[in-house]
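# Structural overview for review
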Amino acid sequence: MLQAITLTKKFGQHTALHALDLTVEKGEIFCLLGPNGAGKTTTVNCFLGFVTPTSGRALVNGIHVTRQLREARRHIAYIPETVMLYPHLTGLENLTFFDTLTGNHYEEEYYINLLLEAGLQEDAIGKSVQTYSKGMRQKVGIAIATAKNASVLLLDEPTSGLDPHASYEFSHLLRRFSEEGRAVLMATHDLYHAREVATRIGIMKNGRLITTMEADAVDHYTLENIYMQHMRTV
Ligand SMILES: Nc1ncnc2c1ncn2[C@@H]1O[C@H](COP(=O)(O)OP(=O)(O)OP(=O)(O)O)[C@@H](O)[C@H]1O
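Here the structure is a predicted model, which is why all the values come from computation and not from measurement.

## Some words on the overall build of the protein
- Summing up its helical and strand segments, the protein has eight helices and ten strands in all.
- Counting every position in the protein, which comprises 234 residues, the buried fraction comes to 50%.
- Long-range contacts, defined here as pairs at least 24 residues apart, represent 66% of the contacts in the protein between residues at least 6 apart.
- Total accessible area computed for the protein in this model is approximately 11,400 Å², and 50% of it derives from carbon and sulfur atoms.
- Counting 22 positive and 25 negative side-chain charges, the protein places the averaged centre of each group 11 Å from the other.

## A closer look at the nonpolar core
- Among the nonpolar cores identified, the biggest contains 47 residues, and L33, L95, L115, L153, L155 and L174 are the most heavily contacted of them.
- For this core, the element with the highest residue contribution is helix α5 (residues 134-148), accounting for six residues.
- Each residue touching L153, except ones within four places of it in the same chain, is listed here: A77, Y78, A145, L174, F177, A183, V184 and L185.
- Core analysis: the next-biggest nonpolar cluster, separate from the first, contains 27 residues, L17, L48, I63 and A183 among them.

## A short note on helix α6 (residues 164-179)
- With 16 residues, α6 should reach 22 Å at 1.5 Å per residue; the first-to-last C-alpha distance of 23 Å fits that figure.
- Its side-chain oxygen placed 3.1 Å from the backbone nitrogen of H165, D163 serves as the N-cap of α6.

## A look at the site of the ligand
- Near the ligand you find F11, H14, A16, P35, N36, G37, A38, G39, K40, T41, T42 and H189, and these make up its full shell.
- At 2.9 Å, a backbone N or O of G39 approaches an oxygen atom of the ligand.
- Here the ligand loses 58% of its free accessible area of 630 Å² to cover by the protein chains.
- Within the residue set of the shell around the ligand, elements represented by two or more residues are β2 (14-24) and α1 (40-48).
- The leading source of residues in the shell around the ligand is α1, at three residues.
- Looking at the shell around the ligand residue by residue, the class counts come to four nonpolar, seven polar and one charged.

## Here's the deal with the sheet that holds strand β5 (residues 63-64)
- Taken in spatial order, the four strands make up an open sheet running β2-β1-β4-β5, and their pairing is antiparallel. Each edge of the open sheet is held by one strand with a lone partner, namely β2 and β5.
- Bridge count for strand β1 (residues 2-11) against strand β4 (residues 55-60) is five bridges, and the pairing is antiparallel. From the neighbouring strand, I5 faces β4, where its bridge partner is R57.

## Quick word on the pairing of β1
- Across seven bridges, the pairing between β1 and β2 is antiparallel. Its bridge partner lying in β2, K9 is registered against L17.
- Connecting the antiparallel pair β1 and β2 is a turn made up of two residues, with G12 showing a positive phi of about 60 degrees.

## Observations concerning the state of the cysteines
- Tallied over the entire structure, the rule returns zero disulfides.
- Considering cysteine sulfurs only, C46 is the nearest to C31, which forms no disulfide, with 19 Å between them.
- Note on C31: relative accessible area 0%, which makes it buried.
- Given the relative accessible area of 1%, C46 is considered buried.

## Structural notes on the UniProt feature "domain: ABC transporter" (unreviewed entry) in the protein
- The sites that UniProt annotates as "domain: ABC transporter" (unreviewed entry) are residues 2-231.
- The span residues 2-231 carries 37% helix and 27% strand; its end-to-end C-alpha distance comes to 27 Å.

## So, the layout of surface pockets
- Its volume calculated, the largest pocket comes out at about 460 Å³.
- Along the wall of the largest pocket there are 17 residues; nearest its centre are A77, Y78, F98, I144 and K148.
- Mapped by element, the contributors of at least two residues to the lining of the largest pocket are β6 (76-79), α3 (91-101) and α5.
- Considering every element that reaches the lining of the largest pocket, the biggest residue donor is α5, with four residues.
- Here the residues of the lining of the largest pocket sort into twelve nonpolar, two polar and three charged.

What counts, and where the lines are drawn
- All residue numbers here refer to positions counted from 1 along the written sequence of the relevant chain.
- With pLDDT at 70 or above as the cut-off, local features in this predicted model cover only qualifying residues; side-chain atom pairs require 80 or more to be listed or tallied, and sums for whole chains, interfaces and linings still use all residues.
- To obtain the side-chain values, all non-hydrogen atoms of the structure were included, while hydrogens and water were left out.
- Each helix corresponds to a stretch of at least 4 residues labelled H or I by DSSP, and each strand to a stretch of at least 2 residues labelled E; elements are numbered beginning at the N terminus.
- Accessibility here uses a 1.4 Å probe with only protein chains present; expressed as a share of the type maximum, an area under 20% marks a residue as buried, one over 50% as exposed, and anything in between as partly exposed.
- Note on contacts: a residue pair is in contact if any heavy atoms of the two residues lie within 4.5 Å.
- With residues, only the protein chains shown are counted as cover, and all accessible areas are computed by Shrake-Rupley using a 1.4 Å probe.
- His is not counted, nor are the chain ends; Lys and Arg add positive charge and Asp and Glu add negative charge.
- Working definition for charges: the position is that of NZ of Lys, CZ of Arg, CG of Asp or CD of Glu.
- Put simply, buried Ala, Val, Leu, Ile, Met, Phe, Trp, Tyr and Cys residues joined by side-chain atoms within 4.5 Å make one nonpolar core.
- Helix span, expected: 1.5 Å multiplied by one less than the number of residues in the helix.
- Counting of polar contacts relies on pairs of N or O atoms within 3.5 Å, with two restrictions inside protein: one atom must be capable of donating a hydrogen and the other of accepting it, and residues adjacent in sequence are counted only when both atoms are side-chain atoms.
- Think of it this way: one heavy atom of a residue within 4 Å of a molecule or strand is enough to make that residue near it.
- Gly is placed with the polar residues, together with every amino acid not listed as nonpolar (Ala, Val, Leu, Ile, Met, Phe, Trp, Tyr, Cys and Pro) or charged (Asp, Glu, Lys and Arg).
- Here a strand pair is declared whenever DSSP counts at least two bridges between the two strands.
- By convention in this document, the label disulfide applies to cysteine sulfur atom pairs within 2.5 Å.
- UniProt positions are given in the numbering used here, feature names are shortened, and annotations may be inferred rather than shown by experiment.
- Think of a 1 Å grid over just the protein atoms. A cavity is a set of points where a 1.4 Å probe fits yet cannot get out, a pocket is an open set with protein on both sides within 12 Å along at least five of seven lines, and lining residues have an atom within 4 Å of a point.
- Grid points are joined across faces, edges and corners, and a volume is the space filled by probe spheres set on the points.

See below:
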């Protein structure tokens, strides 16, 4: 479970996050939408401990991220927009290496299955990552996050670079995570994907969460209209 309690972040004079209150329960997929500079990444980064809040708290399963960073991170898997991998290692070697760092040790077969499940083609698994496209690297990142088996998943534009089929498969994976009782927070610009995969949607603007809604309560067209209206006002 994720909780932001009056979470505020100032960069110099600029307030990137204004007293954000947000709870993402177990089993929820919460998608954060908003224009460039709205504060989506800052929110995700506060939960990751990459950014230290100016005031307020970010809690991961009740753990105060700033005070108990290492403990909080044990509960988190993270997929950024651009997954950083070792270019000279293969996809399989990258996955095995990063997963071993978390203390896990599985058979090679298990890791291969995770890569296939993430949508990586079988013939790519043994090739060095420097030959991969962005989408292929993203799939390795998805497999790394899946292997960690964390109860909280944080995502920042994870589908950027994925082809439509991979994006569709990714939605399936997220739904499985949610069915397994994990809490998912995803920052995205993709209204369509958010509507498809989210259980709840929030729209941010100027560092504030200006509205939230149940994803089931809106169709794509309505969501787009609500979004555009909020962009025009205030
Ligand atoms: N390290 C930083 N130093 C100074 N200002 C920052 C820093 N990080 C973010 N900001 C500012 O904070 C605000 C929120 O940025 P943030 O990256 O959270 O927005 P975002 O909603 O994720 O945008 P995008 O959709 O473009 O990724 C922006 O005005 C940005 O310029």
